[in-house]
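Spelled out from the first residue to the last, the chains are:
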Amino acid sequence: IEKGEIIVVKPATGEIVALANFPTFNPNSYSESSNLEVFSNSAFQQLFEPGSVLKPLTMASALDQGKITPHTIYTDAGFVKVGSLTIRNYDNRVWGERTMTEVLEKSINTGAVFAEKELGHELFLEYLERFGFFDKTGIDLQGEVFSRNQELKKGYEINFATASFGQGIEVTSLQLVRAFSAIANKGKLLKPFIVSKMVKDGKVLENKPEVQREGVISEAVSSQVALMMVSAVENGFSGRAKIPGYYVAGKTGTAQVPKVNQRGYYQDRTVQSFIGFAPALQAEFLILVKLYNPETKTAEYSAVPIFKELAKYIIDYWKIPPDYVSPNK
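Quick caveat, the model's predicted, so the values are computed rather than measured. (Residues numbered from 1 in each chain as written. Predicted model: local features only at pLDDT ≥ 70, side-chain atom pairs only at ≥ 80, totals over all residues. Heavy atoms only, no water.)

Participant: Before we move on, can you summarise the overall build of the protein with the specific residues and values?
Facilitator: What the protein contains, in helices and strands, is ten helices and 13 strands. Taking 20 Å as the expected radius of gyration for a compact globule of 329 residues, we find that the protein reaches 19 Å, a close match to that expectation. By principal-axis analysis of the C-alpha atoms, the protein measures approximately 65 × 50 × 35 Å. Counting the 329 residues in the protein, one finds 49% classified as buried. Pairs at least 24 residues apart make up 67% of the contacts formed inside the protein by residues separated by at least 6 positions. In the structure as shown, the protein presents an accessible area of about 15,900 Å², 50% of it carried by carbon and sulfur atoms. For the protein, the separation between the mean place of its 36 positive charges and that of its 36 negative charges on side chains is 0 Å. (Helix = DSSP H or I, 4+ residues; strand = E, 2+ residues; numbered from the N terminus. Rg over C-alpha atoms; globule rule 2.2 N^0.38 Å. Buried < 20%, exposed > 50% of the residue type's maximum accessible area, 1.4 Å probe, protein only. Contact = heavy atoms within 4.5 Å. Areas by Shrake-Rupley, 256 points an atom, 1.4 Å probe, with all protein chains shown as cover. Lys, Arg positive; Asp, Glu negative; His and termini not counted. Charge placed at Lys NZ, Arg CZ, Asp CG, Glu CD.)

Okay, structure coming up:
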C-alpha cells in the first residue's frame, strides 16, 4: 500500500471521532522526513476520483425525484454507448435484467448510468451540489481544498455518464464522508468538526452540531438507500463487512487513477475504498477506509476487512446494542 486514510464520524452530529493518514511523520523530528507529501492531510487537502462508492448517491438523487425505485428493473448488456465512446462494467461482465438494488449489490456501472439518465443531467448536478461536492466542508482545520468540478459542469454527456459511478468527478475524503452522513442522518448535511469543546477564561465552550443543509434527500429516501446499502453488504460484493447481530450499510469502490497532466487513466493504479455505517437505520458511526494501490484487485479484499475490524471494535467499545439476535449465538 502506498498510502491510506481512515475517517470515523458520528453522522448525527458531524463529530470526527478519528482521522488517520499513512504514511505519517514524527512531529518531534519532522525535519527527518524526506517525503513532503506527508505534511498535508490527504483527507481534506487532496482530491481524488471516488469510483463506485459514489453510486449510492446517484441512486439517492434519482429516488428522491421519484425517477426510480429500489425495484426498478433495467437490462444490462454489459456496456453503454455514449456517442463514440463505450462504458463497460468491471471485468466486462454482463448482468442482464437487474433491479436498482442489485446495481449496488453487484456494483454495475451501466446501472448507475441508467439511474443518472432517468434523473437528468441538471438535477444530477443539483444533487451533487446538495450533497456538498462543490464547496468546502468548513471543518475546523487549516488548508481545506475543494474542486468546483468545472469539467463536469461543461455538460458533456460522457462526463455525466462516468460521474454517475464516480469517475471524472473530484472530491475529498471528508466531502464524501459528509455526503454519506446525510444518508445516515435522515437527509441532513452536517458540518464536520474536530474540536468538541474549548476552555476559555474558565468557561467551557462546546462545539455544537451545525446543520448546513436540511432535506438533501427526504427522510424516507435516506432509509431506502440505507436498506439498499444493507443489501449490498448482505447479498453483494461488500459481504466481508457483515457483523453478526448488526445491519451494516456499505459500498465498495475500486477507482481508476487519472494520469497527471494527461488524458486517460493509469492501467496499474487504483484507489480502493469502502464507506459504511451502522446500525444501518440508526447510525452511531460512519467509517471511510481508503487505500492507494493495495496489492489486491478490488476493495472487497483490501478496504472491507479493515472496515469490519474497526466497526466491530467500535461496536464493542461503545456497547452498541444489536439489531437482531444472530442465529450463530
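Participant: Tell me what's going on with the pattern of salt bridges, and back it up with residues and numbers.
Facilitator: Summed over all chains, the structure comprises 13 salt bridges. Among the salt bridges present, the one from Arg 130 reaches Glu 126, with a minimum N-O distance of 2.9 Å. Of the two residues, Arg 130 and Glu 126 both sit in helix H5 (residues 121-130), four residues apart, roughly one turn of that helix. Assessed through its relative accessible area of 36%, Glu 126 is described here as partly exposed. The salt bridge partner of Asp 135 is Arg 178, with a shortest N-O separation of 2.8 Å. Linking Asp 135 in the loop between H5 and helix H6 (150-153) with Arg 178 in helix H8 (residues 173-184), this pair joins segments that are 43 residues apart in sequence. Salt bridges sharing partners connect three or more residues here, namely Asp 64, Glu 126 and Arg 130. (Salt bridge = Lys/Arg side-chain N within 4 Å of Asp/Glu carboxyl O.)

Participant: How would you summarise a nonpolar patch on the surface if you had to cite specific residues and measurements?
Facilitator: A cluster of nonpolar side chains, contributed by Leu 141, Ile 194, Val 195, Met 198 and Leu 205, occupies part of the molecular surface with about 370 Å² of accessible area. Its place among the elements puts Leu 141 in the loop between H5 and H6. (Patch = residues over 30% accessible without salt bridge, like charges linked within 9 Å, V, L, I, M, F, W, Y side chains within 5 Å.)

Participant: I'd like a rundown of helix H9 (residues 219-235), residues and numbers included.
Facilitator: For H9, with 17 residues, the first-to-last C-alpha span of 24 Å sits near the 24 Å given by 1.5 Å per residue. Of all the positions in H9, only Val 221, Ser 222, Val 225, Ala 226, Met 228, Met 229, Val 230, Ser 231, Ala 232 and Val 233 are classed as buried. Summarising the contacts, the buried residues of H9 are in contact with helix H2 (55-64), helix H3 (100-106), H8, strand E11 (249-258) and strand E12 (265-278). (Expected span 1.5 Å × (residues − 1).)

Participant: How would you summarise the environment of Phe 146 if you had to cite specific residues and measurements?
Facilitator: Within the fold, Phe 146 resides in the loop between H5 and H6. Placed 26 residues apart in sequence, Phe 146 and Thr 172 show a C-alpha to C-alpha distance of 6.8 Å. What Phe 146 contacts, discounting residues up to four positions off in sequence, is Leu 47, Phe 134, Asp 135, Lys 136 and Gln 175.

Participant: Explain the nonpolar core to me, using residue names and the numbers behind them.
Facilitator: One recurring pattern in soluble globular proteins: nonpolar side chains tend to sit buried together. Judged by nonpolar contacts, the single largest core of 62 residues is most densely connected at Phe 131, Phe 133, Leu 176 and Phe 277. With eight residues, H8 is the largest single contributor of residues to this core. Leaving out residues up to four positions away in the same chain, Phe 131 has contacts with Leu 57, Ala 60, Ser 61, Arg 178, Ala 179, Ala 182, Ile 183, Leu 189, Arg 213, Val 216 and Ile 217. Membership of the second largest hydrophobic core comes to 20 residues, among which are Val 8, Phe 274, Ala 299 and Val 304. (Core = buried A, V, L, I, M, F, W, Y, C linked by side-chain atoms within 4.5 Å.)

Participant: Outline H2, supporting the account with residue identities and numerical values.
Facilitator: For the α-helix, the turn length of 3.6 residues means that residues three or four positions removed from each other point alike. Among the ten residues in H2, nine count as buried, and that is most of the element. Against H3, helix H4 (109-119), H5, H8, H9 and E11 lie the buried residues of H2. Positive phi shows up at Gly 66, right after H2, with a value of about 70 degrees.

Participant: Outline the environment of Thr 137, listing residues and values.
Facilitator: Inspection of the secondary structure puts Thr 137 in the loop between H5 and H6. As for Thr 137 and Gln 212, which are separated by 75 residues in sequence, their C-alpha atoms are 9.1 Å apart. Sequence-distant contacts of Thr 137, defined by excluding residues within four places in its chain, comprise Glu 144, Leu 174, Gln 175, Arg 178, Lys 191, Pro 192 and Gln 212. From its side chain, Thr 137 meets the backbone nitrogen of Ile 139 in a polar contact 3.3 Å long. (Polar contact = N/O pair within 3.5 Å; in protein donor to acceptor, adjacent residues only side chain to side chain.)

Participant: Tell me about unusual backbone geometry, residues and numbers included.
Facilitator: Along the chain, Phe 22 connects to Pro 23 via a cis peptide bond; the corresponding omega equals 0 degrees. Within the secondary structure, Pro 23 is located in the loop between strand E2 (15-22) and helix H1 (42-45). If you check the backbone angles, Lys 186 has positive phi at about 60 degrees while not being a glycine. On the secondary structure map, Lys 186 appears in the loop between H8 and strand E7 (189-190). According to the relative accessible area criterion, Lys 186 is partly exposed, its value standing at 35%.

Participant: Account for the packing of aromatic side chains, naming residues and giving values.
Facilitator: A full pass over the atoms with the stated rule returns six aromatic pairs. Ring geometry for Tyr 313 and Tyr 317: centres 5.7 Å apart, planes at 15 degrees, overall stacked. With Tyr 313 and Tyr 317 both in helix H10 (residues 303-317) and four residues apart, the pair spans about one turn of that helix. Residue Tyr 313 shares its accessibility class with Tyr 317, and that shared class is exposed. (Phe/Tyr/Trp six-rings, centres within 6.5 Å; stacked < 30°, edge-to-face > 60°.)

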